[in-house]
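Coordinates in review
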Amino acid sequence: MQEYISKQQQILRPAEQIFAVISRFDNLTPAVADRVEEWQADEEHCSFKAKGFAVRLRMDERVEPKHVKIVGDQGGVPVDFAFWIQLHKVSDVDTRLRLVLHVELNMMMKMMVGSKLQDAVDRIAEGIAQAMNR
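Parameters and conventions
Every residue gets a number counted from 1 within its own chain, in the order that chain's sequence is written. Two thresholds apply to this predicted model, a pLDDT of at least 70 for residue-level local features and 80 or more for giving and counting side-chain atom pairs, whereas whole-chain, interface and lining totals are computed over all residues. Calculation of side-chain values draws on the structure's entire complement of heavy atoms; hydrogens and water are dropped beforehand. Side-chain atoms within 4.5 Å link the members of a nonpolar core, which is a set of buried Ala, Val, Leu, Ile, Met, Phe, Trp, Tyr and Cys residues. Remark: exposure states derive from per-residue accessible area (1.4 Å probe, protein chains only) relative to the maximum for the residue type, with buried under 20%, exposed over 50%, and partly exposed in between. Starting at the N terminus, helices and strands are each numbered in turn, a helix being any DSSP run of H or I of at least four residues and a strand any DSSP run of E of at least two. We call two residues contacting when some pair of their heavy atoms lies within 4.5 Å. Each pair of strands is called paired provided DSSP finds at least two bridges between the two strands. To estimate the expected span of a helix, subtract one from its residue number and multiply by 1.5 Å. Throughout, the bend at a residue refers to the angle made by two axes, fitted to the seven residues ending there and to the seven starting there. A 3.5 Å cut-off defines polar contacts: any pair of N or O atoms within that distance qualifies, except that in protein one atom must be a possible hydrogen donor and the other a possible acceptor, and neighbouring residues in sequence count only when both atoms are side-chain atoms. The arc in question is formed by the directions pointing from the helix axis toward the C-beta atoms.

1. Some thoughts on the nonpolar core
If you look at the biggest cluster of nonpolar residues, it comprises 28 residues, and the most contacted ones within it are L57 and I85. Of all the secondary structure elements, the ones that give two or more residues to this core are α1 (15–22), β4 (45–50), β5 (53–63), β6 (67–72), β7 (81–91), β8 (94–103) and α3 (107–132). When residues no more than four places from it in sequence are discounted, the contact partners of I85 are I22, K66, H67, V68, I70, L97, R98 and L99.

2. So, the environment of G72
Structurally, the position occupied by G72 is in strand β6. Sequence separation between G72 and V55 is 17 residues; the distance between their C-alpha atoms is 7.8 Å.

3. Regarding the pairing of β7
Two strands pair when backbone bridges link them, and β6 and β7 are joined in this way by five bridges, in the antiparallel orientation. In the strand pairing of β7, K69 is matched with W84. As paired elements, β7 and β8 share ten bridges and run antiparallel to each other. By the bridge assignment, H88 is partnered in β8 with R96.

4. Details of α3
For α3, with 26 residues, the first-to-last C-alpha span of 36 Å sits near the 38 Å given by 1.5 Å per residue. The sharpest bend along α3 reaches about 55° and sits at V113. By the burial criterion, the buried members of α3 are G114, V121, D122, A125, A129 and M132. Where the residues of α3 are buried, they touch β1 (2–5), β2 (9–11), α1 and β8. Looking at where α3 begins, the residue whose side-chain oxygen comes 3.1 Å from the main-chain nitrogen of M108 is N106.

5. Quick look at α1
For α1, the full list of buried residues reads A15, I18, F19 and I22. Taken down its axis, α1 places every buried residue within 100° of arc, on the same side. Against β2, β5, β6, β7, β8 and α3 lie the buried residues of α1.

6. A word on the side chain of Q2
Its location among the elements puts Q2 in strand β1. Side-chain polar atoms of Q2 contact the backbone nitrogen of L105, separated by 3.0 Å.

Here you go:
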């Protein structure tokens, strides 16, 4: 299983406040709905289409205010993966965020999409940080 780790991002908010947002898919609707097709979300699950592919995800684990783990839901993703959003509380108003993607790719897929996955993980982390710092 390959691991892709984002660059650490600083968010000038309490970890508890960030966790309250990232631990529910329905809280992400304002940030995501206009970037994908057919976005649907509740607290535990979300589904959408990206580049014509249907994706279904679910919250697998939550440890407040430290991390959430997201996985594919009911065959909703063609590869085995786990996506962690990790929070580290530095102070009451300084939290560090990092994303970790564990994904099972064969060697050919790793060569084709590995660098794109790393870029995507970095961009997602940066986007979350920018949105939370507003």
